[in-house]
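# Structural overview for review
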Amino acid sequence: MDVRKSWLLASIMALVLTVACGGGSEAPAEPESAAPAATAVDEATAGNITGTVVLEGTPPEAETIRMNADPVCTQEAGDNTATEYYVVGEDGSLNNVFVYVKEGLGNRSFPAPSDPVVLDQNGCRYTPHVFGIQVGQTLQVVNNDPTLHNIHATPTNNAEFNTGQPIEGMTFDRTFDTAEVMVPFKCDVHGWMNAFVGVVDHPFFSVSGHDGAFDISTLPPGNYVIEAWHEELGTQTQEITVAEGETAPVSFVFSAS
């Protein structure tokens, strides 16, 4: 065997041994850092917040949405054609106000729930109109209409998405990576469809119902800043102390301009 063949054979054997032994220039991958441990809430000492949201003054009249551009929407919506900018009871109770703990939780962390939050497209409306979700929790968007919808989210801190759902019964899932109050949704096919989600990194939020009431439960005792958000009336904040095992009352009063 000549010198060149001997050298080539030796080189091949060296390469085989290097690969077999895991050699190479790449450094071993560093283990991923563990996620911060979630903070357990002691239910025996936890408190609650209950409250109401009221509108003073006369709100603008609801407008009637003209859906005749899509005959399917006209049929599916039936009589549900009023705008939802102001949903106010006879006693002034204000619906669709997102209320959440804005400050006071410190460095506590909370796991995202495993159950998804469902945003339904039914009757060519988004239901619910205002809702909350935790960072990392699954948002499941469902099309329950026999017509094309698309869900177009236009956040500031999270990634924008715009997904079409042309078939009744279609679903798709999405999560948010960062807290953001609020993220608006719209449908580019049906311009009257809109909704809002409050994305927070904890479970302490609520949305006022038709009686204006809201409830934030199982909150660690402490001092907090609570914020209430309405799509037309802006935000209000209040400081509140939650004592051990007690329920703290709070009310927000918005004024119609």
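Residues numbered from 1 in each chain as written. Predicted model: local features only at pLDDT ≥ 70, side-chain atom pairs only at ≥ 80, totals over all residues. Heavy atoms only, no water.

For the structure on display, the rule yields two salt bridges. For Glu84, the salt bridge identified is with Arg125, shortest N-O distance 3.2 Å. Highlighted residues: Glu84 in the loop between α2 (71-77) and β2 (98-103) and Arg125 in strand β4 (residues 125-127), separated in sequence by 41 residues. Given the relative accessible area of 24%, Glu84 is considered partly exposed. For Arg125, a relative accessible area of 5% gives the class buried. Note that Lys102 is salt-bridged to Glu227, the shortest N-O span being 3.0 Å. Here Lys102, found in strand β2, pairs with Glu227, found in strand β14 (residues 222-230); they are 125 residues apart in sequence, far enough to count as distant. A relative accessible area of 42% places Lys102 in the partly exposed class. (Salt bridge = Lys/Arg side-chain N within 4 Å of Asp/Glu carboxyl O. Helix = DSSP H or I, 4+ residues; strand = E, 2+ residues; numbered from the N terminus. Buried < 20%, exposed > 50% of the residue type's maximum accessible area, 1.4 Å probe, protein only.)

It is worth spelling out a negative patch on the surface at this point. A surface patch of negative charge is lined by Asp42, Glu43, Glu244 and Glu246. Looking at the secondary structure, you find Glu246 in the loop between β15 (234-242) and β16 (247-255). Judged by relative accessible area, Glu246 falls into the partly exposed class, the value being 47%. (Patch = residues over 30% accessible without salt bridge, like charges linked within 9 Å, V, L, I, M, F, W, Y side chains within 5 Å. Areas by Shrake-Rupley, 256 points an atom, 1.4 Å probe, with all protein chains shown as cover. Lys, Arg positive; Asp, Glu negative; His and termini not counted. Charge placed at Lys NZ, Arg CZ, Asp CG, Glu CD.)

The next point concerns the confidence of the model for the chain. With 85% of its residues at a pLDDT of 70 or more, the chain has an overall mean of 87. Below pLDDT 50 for its whole length, residues 1-28 participates in three contacts with residues either more than four positions away or in separate chains. (pLDDT = per-residue confidence, 0-100. Contact = heavy atoms within 4.5 Å.)

With that out of the way, let us pick up the sheet that holds strand β6 (residues 139-143). Across the sheet, which stays open at both edges, the four strands sit in the order β4-β3-β6-β9 with mixed pairing between neighbours. Strand pairing shows two members of the sheet lacking a second neighbour, β4 and β9 (171-174), which therefore form its edges. Direction aside, neighbouring strands of the sheet carry axes that sit 20 degrees apart on average. Bridge analysis of β6 against β9 gives four bridges, and the strand direction is antiparallel. Across the sheet, residue Val142 finds its bridge partner in β9, namely Thr171. (Pairing = 2+ DSSP bridges. Axes fitted to C-alpha atoms, helices over the stretch in contact; angles between N-to-C directions.)

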